[in-house]
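What follows is each chain in one-letter form.
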Amino acid sequence: MTHVRIPTPLRPYVGGQKDVIAQGDTVAASLEDLVVRHPSLRPHLFDGDGALRSYVVLFVNDKDVRDLQGQATRVSESDRLMIVPSIAGGRQPGLAKPWAPGPWIGRAHPMD
């Protein structure tokens, strides 16, 4: 079983949980098990053709799966799979840099 970290916007689809368990020996198998256990999560992760949505980024133990073997990346019980929805947008001149600390400094980060 792999521990899956669920981002705040997707927690309503997993009963409000921050971390859930999924079974599978690859990222793809773990994701499939996850959406079988939590069916309302499926449309937020996969498109109508069953492909992972382009704005969903996956990490295994802090490594982007795109830099590994993608969804074929092997996972084990000791691994942590993180789902991170990418955020579109940019910076307008005169505004804070996109990497500037957010208003959550000193408080819980919105992804926690």
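Above this text you will find the structure in question.
Owing to the predicted nature of the structure, the values given are computational and were not obtained by experimental measurement.

Conventions we followed
- Residues numbered from 1 in each chain as written.
- Predicted model: local features only at pLDDT ≥ 70, side-chain atom pairs only at ≥ 80, totals over all residues.
- Heavy atoms only, no water.
- Helix = DSSP H or I, 4+ residues; strand = E, 2+ residues; numbered from the N terminus.
- Contact = heavy atoms within 4.5 Å.
- Areas by Shrake-Rupley, 256 points an atom, 1.4 Å probe, with all protein chains shown as cover.
- Buried < 20%, exposed > 50% of the residue type's maximum accessible area, 1.4 Å probe, protein only.
- Core = buried A, V, L, I, M, F, W, Y, C linked by side-chain atoms within 4.5 Å.
- Lys, Arg positive; Asp, Glu negative; His and termini not counted.
- Salt bridge = Lys/Arg side-chain N within 4 Å of Asp/Glu carboxyl O.
- Polar contact = N/O pair within 3.5 Å; in protein donor to acceptor, adjacent residues only side chain to side chain.
- Pairing = 2+ DSSP bridges.

1. Things to note about the overall build of the protein chain
Scanning the protein chain for helices and strands turns up two helices and five strands. The secondary structure elements of the protein chain, listed N-terminal to C-terminal, are β-β-α-α-β-β-β. Residue pairs at least 24 apart in sequence account for 50% of intrachain contacts in the protein chain once pairs closer than 6 positions are excluded. Element-wise, carbon and sulfur atoms account for 55% of the exposed surface of the protein chain, whose accessible area totals about 7,100 Å².

2. Structural notes on the side chain of Ser 30
If you trace the backbone, Ser 30 turns up in helix α1 (residues 27-37). Residue class for Ser 30 comes out buried when judged on its relative accessible area of 0%. Among residues more than four places away in sequence, those in contact with Ser 30 are Thr 2, Ala 22, Gln 23, Gly 24, Val 75 and Leu 81.

3. So, the nonpolar core
In terms of nonpolar packing, the biggest core is built from 20 residues, with Leu 31, Leu 34, Leu 45 and Ile 83 touching the most fellow members. Mapped onto this core, the elements with two or more residues apiece are β2 (19-22), α1, β3 (56-60) and β5 (80-85). Counting residues per element, this core draws most heavily on α1, which supplies four residues. Apart from the residues within four sequence positions on either side, Leu 31 is in contact with Leu 45, Phe 46, Leu 52, Leu 58, Gln 71, Leu 81 and Ile 83.

4. Considerations on the side chain of Asp 79
Among the structural elements, Asp 79 can be located in the loop between β4 (63-64) and β5. Of the side chains bearing the opposite charge, Arg 74 lies closest to the buried Asp 79, which forms no salt bridge; the N-O distance is 8.7 Å. Engagement of the side chain of Asp 79 in a polar contact is seen with the backbone nitrogen of Ser 76, the distance being 2.7 Å. The contact partners of Asp 79, leaving out residues within four places of it in the chain, are Thr 2, His 3, Val 60, Asn 61 and Arg 74.

5. Some remarks on the pattern of salt bridges
For the structure on display, the rule yields five salt bridges. A salt bridge links Arg 42 to Glu 32, with the nearest nitrogen and oxygen atoms 3.0 Å apart. Of this pair, Arg 42 sits in helix α2 (residues 42-45) while Glu 32 sits in helix α1, placing them 10 residues apart in sequence. Residue classification places Glu 32 among the partly exposed residues on the basis of a relative accessible area of 36%. Asp 64 serves as the salt-bridge partner of Arg 66, at 2.5 Å between the closest nitrogen and oxygen.

6. What about the sheet that holds β4?
Read from one edge of the open sheet, five strands run β2-β1-β5-β3-β4, paired in mixed fashion. The open sheet has two edge strands with one neighbour each: β2 and β4. The sheet contact formed by strand β1 (residues 2-5) and β2 spans four bridges and is antiparallel. Across the sheet, Thr 2 pairs through a bridge with Ala 22, a residue of β2.

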